[in-house]
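# Secondary and tertiary structure notes
Here's the letter readout for the chains.
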Amino acid sequence: MEKEQYIDVKNYIREKRGLYYAVMVYTNVRGKRKEKWFPTKLPVKGNKTKADAMSRQILREFEIPREDLCYHEIKEDTAIDETQPIEPQLLSAVLDKITLSELSAEQVSNLLFADYLKMYLPLTKKRKKRIEETTYSSYCESVKNPIEPYFRKKKIRLKDLTAKDIQDFYDVQLDRVKPNTVIHYHAIIRLSLCYARKMGYIKENPIEEVEKPEKNKFVGNYYSAEEVNTLIELTKGSKLEIAVLFASFYGLRRSECVGLRWSAFDFDNNIFYVNHAVISTRVDGKNTLIAKNNTKTVATMRTMPLSSEIKNRLLELKQSQDDNKKGLKRAYNNKWLDYIMVDESGNLIKPDYITYSFHKLLKDNNMRSIRFHDLRHTCASLLLNKGKGRVTMKDIQEWLGHSDYKTTANIYAHLDLSSKRISLETLSALIDI
């Protein structure tokens with residue numbers, strides 16, 4: 001594939017002292033015409049075709065010098081008037097090659113907000129509070145679509161952006177996606193504008209006057225114990241078996257199920273550790289697997305007791321995987337050797353496969369449709385309603401690995417019927433209906 005060329009570079013061949021030269025012609029950041037000459041060492045006579053081909057090859061490899069791209073790297077002896085604005089079209093053409101720090105505050109403030117957002121994105125990785133690769137990927141996807149296209153079409157500059165512009169964007173998006181998705185858009189827009197205010201690119205931060213959408217209230221679906229037992233029976237021996245077992249019994253997230261590793265299991269003491277996750281995300285427009293040793297928060301890295309039934313099933317699975325590895329020899333994929341959720345060839349069972357196959361399984365067997373993540377909520381529901389007062393909301397928090405008690409209470413308070421039944425019994429004894 002040929003290297004992508006800067007749109008304003010033109011190539012020519014010129015004669016000088018009986019030899020051909022390849023000449024690259026372009027316009028620098030201040031609008032000044034520049035030429036770069038490259039000797040081909042080809043005599044003029046009979047070599048025009050070769051010289052032309054060599055000139056095109058040089059064009060493919062040519063990069064504009066940074067001093068011609070960046071305001072701060074233009075030499076002092078050029079006597080630049082700092083009040084002179086950069087040609088907007090020219091600046092847009094070189095934005096992918098420079099950073100915000102290479103522009104003056106005035107130049108940044110004159111950027112289209114769409115361009116500013118793209119240039120700001122890499123800076124989110126340099127914030128004091130470290131962000132996950134998946135979070136950064138989410139920011140990039142949000143900017144790529146729909147934030148950047150929307151504001152580029154509006155042609156709004158950073159310095160001219162108003163609260164109404166942002167609010168209008170939210171209103172348009174709320175007609176097509178849920179409030180939680182718009183809240184994700186709000187996050188990256190807010191970060192970029194707070195940075196712009198801090199660096200002096202804008203005098204006032206319009207995001208402070210914007211009403212962020214309220215989260216859409218979560219209402220989960222739950223399976224009964226009978227439905228869970230049916231589901232487990234249907235998945236025995238399949239690629240979904242381990243995921244379904246650990247999601248419904250331990251409330252593990254999809255990424256935590258895929259991240260289960262043999263090294264995290266202590267079969268002698270009948271415990272295992274939830275300390276790893278495999279996440280499917282989009283990086284540079286491509287689906288990518290990210291394996292990480294730390295899960296969402298410190299609370300999610302938890303130690304769990306291992307049921308004897310699940311222990312026995314895991315030991316059987318381990319023997320089966322060892323047999324597959326021995327039988328396939330070099331054809332076995334050793335990349336995921338420590339992972340529990342692999343197929344017969346050692347390939348990791350991906351998170352997206354779980355989602356798709358789970359939905360298909362329910363449909364094929366005429367079972368009530370729920371999301372795979374709802375097995376986690378089912379686990380909490382069964383603990384609360386079948387625990388007969390012995391399992392508290394605090395126990396649920398620790399079992400599921402929520403970072404704080406409030407999260408658990410907000411999601412599952414409506415399921416905690418034990419205290420309400422006591423209240424009902426008390427009132428029934430006092431009031432004669």
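The rules behind these values
Residues numbered from 1 in each chain as written. Predicted model: local features only at pLDDT ≥ 70, side-chain atom pairs only at ≥ 80, totals over all residues. Heavy atoms only, no water. Pairing = 2+ DSSP bridges. Helix = DSSP H or I, 4+ residues; strand = E, 2+ residues; numbered from the N terminus. pLDDT = per-residue confidence, 0-100. Contact = heavy atoms within 4.5 Å. Buried < 20%, exposed > 50% of the residue type's maximum accessible area, 1.4 Å probe, protein only. Axes fitted to C-alpha atoms, helices over the stretch in contact; angles between N-to-C directions. Nonpolar A, V, L, I, M, F, W, Y, C, P; charged D, E, K, R; others polar. Arc of directions from axis to C-beta. Expected span 1.5 Å × (residues − 1). Patch = residues over 30% accessible without salt bridge, like charges linked within 9 Å, V, L, I, M, F, W, Y side chains within 5 Å. Areas by Shrake-Rupley, 256 points an atom, 1.4 Å probe, with all protein chains shown as cover. Salt bridge = Lys/Arg side-chain N within 4 Å of Asp/Glu carboxyl O. Lys, Arg positive; Asp, Glu negative; His and termini not counted. Charge placed at Lys NZ, Arg CZ, Asp CG, Glu CD. Polar contact = N/O pair within 3.5 Å; in protein donor to acceptor, adjacent residues only side chain to side chain. Core = buried A, V, L, I, M, F, W, Y, C linked by side-chain atoms within 4.5 Å. Phe/Tyr/Trp six-rings, centres within 6.5 Å; stacked < 30°, edge-to-face > 60°. Lys NZ or Arg CZ within 6 Å of the ring centre and 35° of its normal.

### Here we look at the sheet that holds strand β5 (residues 271-274)
Ordered in space as β4-β5-β8, the 3 strands form an open sheet in which the pairing is antiparallel. Each of the sheet's edge strands pairs with one partner strand only, and the pair in question is β4 (265-266) and β8 (302-305). The pairing of β4 with β5 spans 2 bridges and is antiparallel. Bridging across to β5, aspartate 266 finds its partner in isoleucine 271.

### Describing the confidence of the model for the protein chain
The pLDDT averaged across the protein chain works out to 85; a share of 82% of its residues lies at or above 70. Ignoring residues within four places in sequence, the model shows residues 1-7, a span with pLDDT below 50, making 14 contacts including any to other chains. Taken as a whole, residues 73-90 scores under 50 in pLDDT and shows 27 contacts with residues more than four places along the chain or in a different chain.

### Examining unusual backbone geometry
Note the cis peptide between asparagine 145 and proline 146, where omega equals 20°. One can find proline 146 in helix α5 (residues 133-154). One non-glycine residue, lysine 41, lies in the positive phi region at around 65°. For asparagine 366, which is not glycine, the phi torsion reads 55° and is therefore positive. With respect to the helices, strands and loops of the structure, asparagine 366 is situated in the loop between α12 (351-364) and α13 (374-386). Taking relative accessible area as the criterion, asparagine 366 reaches 74% and is therefore assigned exposed.

### Side note on the environment of valine 9
By the element assignment, valine 9 lies in the segment before β1 (10-16). Note on valine 9: relative accessible area 8%, which makes it buried. Beyond its immediate sequence surroundings of up to four residues, valine 9 is in contact with Met24, Val25, Tyr26, Leu59, Phe62 and Ile64.

### Considerations on the packing of helix α9 (residues 241-250) against α13
Taken N-terminus to C-terminus, the directions of α9 and α13 make an angle of 40°; their axes are 6 Å apart at the nearest point. For the pair α9 and α13, contact is made by Val244, Ala247, Ser248, Phe249 and Tyr250 and by Leu375, Arg376 and Cys379, respectively. A class-by-class count of the residues in the contact of α9 with α13 yields 6 nonpolar, 1 polar and 1 charged.

### Examining the sheet that holds strand β3 (residues 33-43)
In spatial order, the strands read β1-β2-β3; together these 3 strands make up an open sheet with antiparallel pairing. Both outer strands of the open sheet, β1 and β3, are each paired with one neighbouring strand and no more. Taking the axes of each pair of neighbouring strands and ignoring which way they run, one obtains an average angle of 25° across the sheet. Helix α1 (residues 48-61) contacts β1, β2 (19-27) and β3 of the sheet and is inclined by roughly 135° relative to β1.

### Here we look at helix α8 (residues 225-235)
Helical geometry note: an α-helix holds 3.6 residues per turn, so side chains three or four residues apart project in the same direction. Looking at α8, one finds that the buried residues are Val228, Leu231 and Thr235. Mapping the buried residues of α8 onto a view down its axis gives an arc of 60°, with all of them on the same face. Opposite the buried face of α8, by more than 90 degrees, sit the exposed residues Glu226, Asn229 and Glu233. Glycine 237, located one to two residues past α8, shows a positive phi value of around 80°.

### Overview of α12
Between its first and last C-alpha atoms α12 spans 20 Å; for 14 residues at 1.5 Å apiece the expected length is 20 Å, and the two agree. Following α12 by one or two positions, asparagine 366 has its phi on the positive side, about 55°.

### Some remarks on a positive patch on the surface
Residues Arg127, Lys129, Arg190, Lys212 and Lys215 make up a contiguous surface patch of positive charge. Locating arginine 190 in the fold gives a position in helix α7 (residues 179-198). Residue classification places arginine 190 among the partly exposed positions, given a relative accessible area of 41%.

### Observations concerning the side chain of arginine 376
Tracing the sequence through the fold places arginine 376 in helix α13. Of the side chains bearing the opposite charge, glutamate 256 lies closest to the buried arginine 376, which forms no salt bridge; the N-O distance is 4.6 Å. A distance of 2.5 Å separates a polar atom in the side chain of arginine 376 from the backbone oxygen of glycine 251.

### With respect to the nonpolar core
By size, the foremost hydrophobic cluster in this structure holds 47 residues, and its most contacted members are Phe113, Tyr116, Leu158, Ile189 and Leu193. Those elements giving two or more residues to this core turn out to be β2, α1, α4 (113-120), α5, α6 (163-174) and α7. Ranked by the residues each element gives to this core, the list is headed by α7, at 7 residues. Those residues in contact with tyrosine 116 that lie beyond four places of it in its chain are Leu100, Val108, Leu111, Leu158, Ser192, Tyr195, Ala196 and Tyr201. Membership of the second largest hydrophobic core comes to 43 residues, among which are Tyr250, Cys257, Met304 and Ile370.

### Examining the pattern of salt bridges
Inspection of the entire model under this criterion finds 17 salt bridges. The residue arginine 152 makes a salt bridge to aspartate 115 at a minimum N-O spacing of 2.7 Å. One end of the pair, arginine 152, is in helix α5; the other, aspartate 115, is in helix α4, and 37 residues separate them in sequence. Taken together, the salt bridges that share partners define one network made up of Asp115, Glu148 and Arg152.

### Examining the packing of aromatic side chains
Considering all chains together, one arrives at 24 aromatic pairs under this definition. For the ring pair phenylalanine 358 and phenylalanine 372, a centre distance of 5.5 Å and an interplane angle of 85° mean the geometry is edge-to-face. With phenylalanine 358 in helix α12 and phenylalanine 372 in the loop between α12 and α13, the pair connects residues that are 14 residues apart, well separated along the chain. Per residue, the accessibility class of phenylalanine 358 equals that of phenylalanine 372, and both read buried. Across the ring face of tyrosine 136, the terminal group of lysine 125 is positioned such that the distance to the ring centre comes to 4.3 Å. Geometry around tryptophan 262 places lysine 318 over its ring, the cationic atom sitting 5.7 Å from the centre.

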